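The chain contents come next:
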Amino acid sequence: TLSPIFSGAKMKMMFGLLSECVRDFIDYHQSDLIIDAKDTFARYTVNGIATCALGFKADCLRNRNEDAFEIAMDMVNPF
């Protein structure tokens, strides 16, 4: 049932969108020597999912109070 989501053309489109998320990630952490890896990569993951699957650009790295990140964390850690 998921195969139409991951067709070749859609994967090529997702690559471009995720590359943009990676550029934002690198630009944001260019000067950071120490990061909280779990939080940082969770925020990157939410950015990628929001961009590719949901169709909007979340800015979880710069905006620490991003609604999309809060909702995603509530889904992962409900208690």
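You'll find the structure just up there.
This write-up is about the structure you can find in this document. (Residues numbered from 1 in each chain as written. Predicted model: local features only at pLDDT ≥ 70, side-chain atom pairs only at ≥ 80, totals over all residues. Heavy atoms only, no water.)

1. Considerations on the overall build of the protein chain
A count of helical and extended segments in the protein chain gives 3 helices and 0 strands. Listed by position from the N terminus, the elements making up the protein chain come as α-α-α. Considered along the principal axes of its C-alpha atoms, the protein chain spans approximately 40 × 35 × 20 Å. By sequence separation, contacts in the protein chain at least 24 residues apart represent 44% of the contacts at least 6 residues apart. For the protein chain, the accessible area works out to roughly 6,000 Å², and carbon and sulfur atoms hold 64% of it. In the protein chain, 8 side chains carry a positive charge and 11 a negative one; their mean positions are 8 Å apart. (Helix = DSSP H or I, 4+ residues; strand = E, 2+ residues; numbered from the N terminus. Contact = heavy atoms within 4.5 Å. Areas by Shrake-Rupley, 256 points an atom, 1.4 Å probe, with all protein chains shown as cover. Lys, Arg positive; Asp, Glu negative; His and termini not counted. Charge placed at Lys NZ, Arg CZ, Asp CG, Glu CD.)

2. Re the side chain of Arg-43
Looking at where Arg-43 falls in the secondary structure, it is placed in helix H2 (residues 37-54). The exposure class of Arg-43 is buried, given its relative accessible area of 5%. A polar contact of 3.5 Å, which involves the side chain of Arg-43, links it to the backbone oxygen of Arg-64. With residues near it in sequence (within four places) discarded, Arg-43 still touches Cys-60, Leu-61, Asn-63, Arg-64 and Phe-69. (Buried < 20%, exposed > 50% of the residue type's maximum accessible area, 1.4 Å probe, protein only. Polar contact = N/O pair within 3.5 Å; in protein donor to acceptor, adjacent residues only side chain to side chain.)

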